[in-house]
Amino acid sequence: MATLAEVARHAGVSASTVSYVLSGKRSISAPTRERVEHSIKELGYHPNAGARALASSRSNIIALMVPLRTDMYVPVMMEIAIAVATTARSHGYDVLLLTGEEGPAAVRRVTGSGLADAMIVMDVELEDERLPLLHATRQPTVLIGLPADTVGLTCVDLDFTATGALCVEHLAALGHREVAIVGEAPAVYERHTGFAERTLEGLRRRAGELGVRLLHRPCQGSYESMDGTLSRIFDERPGTTGFVVQNEAAIDPLLSLLRRQGRAVPEDVSVVAVCPEQVATQASVRLTSVAIPAQEMGQRAVELVVAKLEGNASGEQVALLAPELTVRASSGPAPGTA
């Protein structure tokens, strides 16, 4: 592999000039810079990451904190992570993936070690215990998710409050007046995870305005847990004709159990899901759904954090992506309505 000295000889300049071109610490004339850049490309030179970090006080690494919990739908988390990694690479940054459930300890490790120039934080809770450290650090940080208080923070997320409202509006317009919510696993609500709490808030508020009765039941997502959840729903609200599902793992069990009970979708019950497009279109009944814009969320988070790194950001910013509901085969008029 080519060395810095070889690049200097090839370009006819000193090694320090090559270093200045790479670090940008000093002004170099355009012809000289072009000659050095041509030699770098011609020789296939890649600066040593450690040396580059020492020279520039930058690591060119973004830390992505994405706790992989058993009660979360990992494919969505990883789709966001891949979008972060590919977008970061296009801006000249690599990504350090932190998947442990370390909470504040992970933030301290990144801020105290100089491992990364910036952080992107996922799996945000309403009262996230990482927030005091994120407020205190000078490192640029972007949250994928919304805490209860966003003052002083930069966040990007799907507007889950509007998502919940959109789901119940669709069912109400079809004449459904008894709607059950099959939610995430109980631990997700116990942690007050932002996306789940905000969806529930949107559902409840809009349902109250529209005169729709809601029943919310968390679910682990297995066939057995969905079986018990569904039985309890119909025991408590036998007139239920609409379902909103925010739990990807529960979708197939729910559709299977409804079929086993002789309840046709959408003739007897309608189902609306908040899930990735692929999950909605590959279900046994193509689901009316609000898609999770995982790729856009990852891209926007990187763009926001790079703007901070380059000094182009304007303080706090909350970017909420508007939900879009796609009507498919799983929703129809409530039984007995025209």
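Structure's up top.
Quick notes on the rules
Residues numbered from 1 in each chain as written. Predicted model: local features only at pLDDT ≥ 70, side-chain atom pairs only at ≥ 80, totals over all residues. Heavy atoms only, no water. Axes fitted to C-alpha atoms, helices over the stretch in contact; angles between N-to-C directions. Helix = DSSP H or I, 4+ residues; strand = E, 2+ residues; numbered from the N terminus. Parallel < 35°, antiparallel > 145°, perpendicular 65-115°, else oblique. Left-handed = near helix turned anticlockwise from the far one by under 90°. Contact = heavy atoms within 4.5 Å. Nonpolar A, V, L, I, M, F, W, Y, C, P; charged D, E, K, R; others polar. Pairing = 2+ DSSP bridges. 1 Å grid on protein atoms, 1.4 Å probe; cavity = no way out; pocket = protein on both sides within 12 Å on 5 of 7 lines; lining within 4 Å. Points joined across faces, edges and corners; volume = space filled by probe spheres on them. Core = buried A, V, L, I, M, F, W, Y, C linked by side-chain atoms within 4.5 Å. Buried < 20%, exposed > 50% of the residue type's maximum accessible area, 1.4 Å probe, protein only.

Draft legend 1. Focus on the packing of helix H1 (residues 4-11) against helix H3 (residues 30-43). Running from N to C, H1 and H3 cross one another at 125°; their axes reach a closest spacing of 9 Å. In terms of axis orientation, H1 runs oblique to H3. Handedness of the H1/H3 crossing: right-handed. From H1, Glu6, Val7, His10 and Ala11 reach across to H3, where they touch Arg35, Val36, Ser39, Ile40, Glu42 and Leu43. Residues of the contact of H1 with H3, tallied by class, amount to 5 nonpolar, 2 polar and 3 charged.

Draft legend 2. Layout of the sheet that holds strand E5 (residues 154-158). The sheet built from 6 strands is open, its strands ordered E2-E1-E3-E4-E5-E11 with parallel pairing. Each end of this open sheet is capped by a strand with a single partner; those strands are strand E2 (94-98) and strand E11 (317-321). In this sheet, neighbouring strand axes are inclined to one another by 20° on average, regardless of whether the strands run parallel or antiparallel. Strand direction decides the pairing type here: strand E4 (residues 141-144) and E5, joined by 2 bridges, are parallel. Residue pairing in the sheet places Leu143 in a bridge with Cys155 of E5.

Draft legend 3. Layout of the sheet that holds strand E7 (residues 213-218). Taken together, 6 strands build an open sheet; the order of strands is E7-E6-E8-E9-E10-E12 and the sheet is mixed. Whereas interior strands pair on both sides, the edge strands pair on one side only; in this sheet they are E7 and strand E12 (325-326). In the sheet, strand E10 (residues 288-291) pairs with E12 via 2 bridges, with the strands oriented antiparallel. Across the sheet, Ser289 pairs through a bridge with Thr326, a residue of E12. Of the strands in this sheet, strand E6 (178-183), E7, strand E8 (242-245), strand E9 (270-275), E10 and E12 touch helix H8 (residues 160-173), which is tilted by about 165° from E9. The sheet contacts of helix H10 (residues 194-210) involve E6, E7 and E8, and relative to E7 the element is tilted by about 160°.

Draft legend 4. Inspection of empty space enclosed by the protein at higher detail. Going through the model one piece at a time under the given rule, you end up with 1 cavity of 30 Å³ or more. Approximately 310 Å³ is the volume attributed to the largest cavity. Taken together, 22 residues make up the lining of the largest cavity; nearest its centre are Met72, Val76, Met77, Phe160 and Phe195. When contributions to the lining of the largest cavity are tallied by element, the ones reaching two or more residues are helix H5 (74-90) and H10. Residue contributions to the lining of the largest cavity peak at 3 residues, all from H5. Its residues placed into classes, the lining of the largest cavity shows 14 nonpolar, 4 polar and 4 charged.

Draft legend 5. Local environment of the nonpolar core. Counting 50 residues, the largest nonpolar core has Ile80, Ile120, Ile144 and Leu214 as the members making the most contacts within it. Here this core gets 8 residues from one element, more than from any other, and that element is helix H14 (residues 294-309). Filtering out sequence-adjacent residues up to four positions away, Ile144 remains in contact with Ile80, Val84, Ile120, Val121, Met122, Asp123, Val124, Val156, Met297, Gly298 and Ala301. Judged by nonpolar contacts, the second largest core, of 26 residues, contains Ala250, Val271, Ala273 and Ala283.

Draft legend 6. Molecular detail of the environment of Thr87. In this fold, Thr87 is placed in helix H5. For the pair Thr87 and Pro147, spaced 60 residues apart in sequence, the C-alpha to C-alpha distance is 24 Å. Excluding anything up to four places from it in sequence, Thr87 contacts Gln299 and Val302.

Draft legend 7. Structural view of unusual backbone geometry. Cis geometry is adopted by the peptide bond preceding Pro266, which originates at Val265 and carries an omega value of 10°. Along the polypeptide, Pro266 turns up in the loop between helix H12 (248-260) and E9. The residue Asp123 is not glycine, and still its phi comes out positive at about 55°. Within the secondary structure, Asp123 sits in the loop between strand E3 (118-121) and helix H7 (131-136). Positioned with a positive phi, His192 is a non-glycine residue whose angle comes to about 55°. Examined against the element boundaries, His192 turns out to sit in the loop between helix H9 (186-190) and H10.

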